[in-house]
Amino acid sequence: MSAFQPDLSFLQQLFGQDTLYVIPEQESHGVVPAQAKVVSVPAPEQPKAEPMVAPIAETKTPRLPEMPQKAPAPIVPEPAPEIEWLGEAVKGTYLLFQVNGAVFQQLPQHAFLQKVLAAVGLATNQVKFGNLAPSLTHDVKQIAAKYQAKAILLFGQGLPVANLSKMEFYRMYRSENSRFVLVDSLEDIEKSVELKKKLWEVLQKIFLQQN
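Residues numbered from 1 in each chain as written. Predicted model: local features only at pLDDT ≥ 70, side-chain atom pairs only at ≥ 80, totals over all residues. Heavy atoms only, no water.

Visitor: For this particular structure, what's the right way to read the pairing of strand β6 (residues 178-183)?
Guide: If a strand is regular, its side chains alternate between the two faces of the sheet. For β6, the buried fraction is high: six of the six residues fall into the buried class. The side-chain alternation of β6 yields two buried faces, one formed by S178, F180 and L182 and the other by R179, V181 and V183. Both strand β4 (residues 151-155) and β6 contribute to a ladder of five bridges, which runs parallel. Counterpart to L154 in the pairing with β6 is L182. (Buried < 20%, exposed > 50% of the residue type's maximum accessible area, 1.4 Å probe, protein only. Helix = DSSP H or I, 4+ residues; strand = E, 2+ residues; numbered from the N terminus. Pairing = 2+ DSSP bridges.)

As structure tokens, then:
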């Protein structure tokens, strides 16, 4: 293949006053460039992805089945005693009342009662005081038989005693070896001269007369 020859006249017209030089073109000798050595560059190491771990489901510790709780047993108040007793019947004498607890506890120190008992040879520490439960009906004959009472004095009106309406005040009654009498309350007797006289008369029959 012949080399390319430029048109000089054309070039002179194109460039005018410029001096032009023709440089012969070097022929290509068909040199095959050496094969480039391929160097494999390792790709940058990617950070290893952490394996996805499924969250562990929270397990609850099984609880023991709760035993049904028994309802607490209702508190049942103890029944009030039929008769609240105080003192000792040294000579078989019983004085029965139906008063509040505070008054009952003070009866052995009752000044007027001390004088009444002293008149028939007794002291308050030689007799037994009984406070009758108002919710019950009491039988004097049964009390006398149970305690082998020699004398029973019932003080006050409206006592919870059976057949009380049939009993006369200041009249002595007998049941076997027991004698008993119904009189007014200590407060009423202490305020009345007439009631003091009636009490004294019946006490003589019970304690001083032996028939």
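Visitor: Please clarify how the sheet that holds strand β5 (residues 173-175) should be interpreted in this entry.
Guide: Sheet strands pair by backbone hydrogen bonding; their relative direction is either parallel or antiparallel. With respect to topology, six strands assemble into an open sheet ordered β1-β3-β2-β4-β6-β5, the strand pairing being mixed. Edge positions in the sheet fall to β1 (83-87) and β5, since each of these pairs with one other strand and no more. Neighbour to neighbour, the strand axes of the sheet diverge by 25 degrees on average, direction disregarded. Lying on the sheet, helix α4 (residues 140-147) is in contact with β1, β2 (93-97), β4, β5 and β6; it crosses β4 at an angle near 140 degrees. Packed on one face of the sheet, helix α6 (residues 193-208) meets β2, β4 and β6 and runs near 175 degrees to β6. (Axes fitted to C-alpha atoms, helices over the stretch in contact; angles between N-to-C directions. Contact = heavy atoms within 4.5 Å.)

Visitor: Help me understand unusual backbone geometry in this model?
Guide: Backbone phi values are negative for most residues with the exception of glycine, while trans is the configuration of most peptide bonds. Backbone geometry places Q148, a non-glycine residue, at a positive phi of 50 degrees. With respect to the secondary-structure elements, Q148 resides in the loop between α4 and β4. Here Q148 falls in the exposed class, since its relative accessible area comes to 68%. Positive phi, close to 60 degrees, is recorded for E176, a residue that is not glycine. Exposure remark for E176: the relative accessible area of 77% places this residue in the exposed category.

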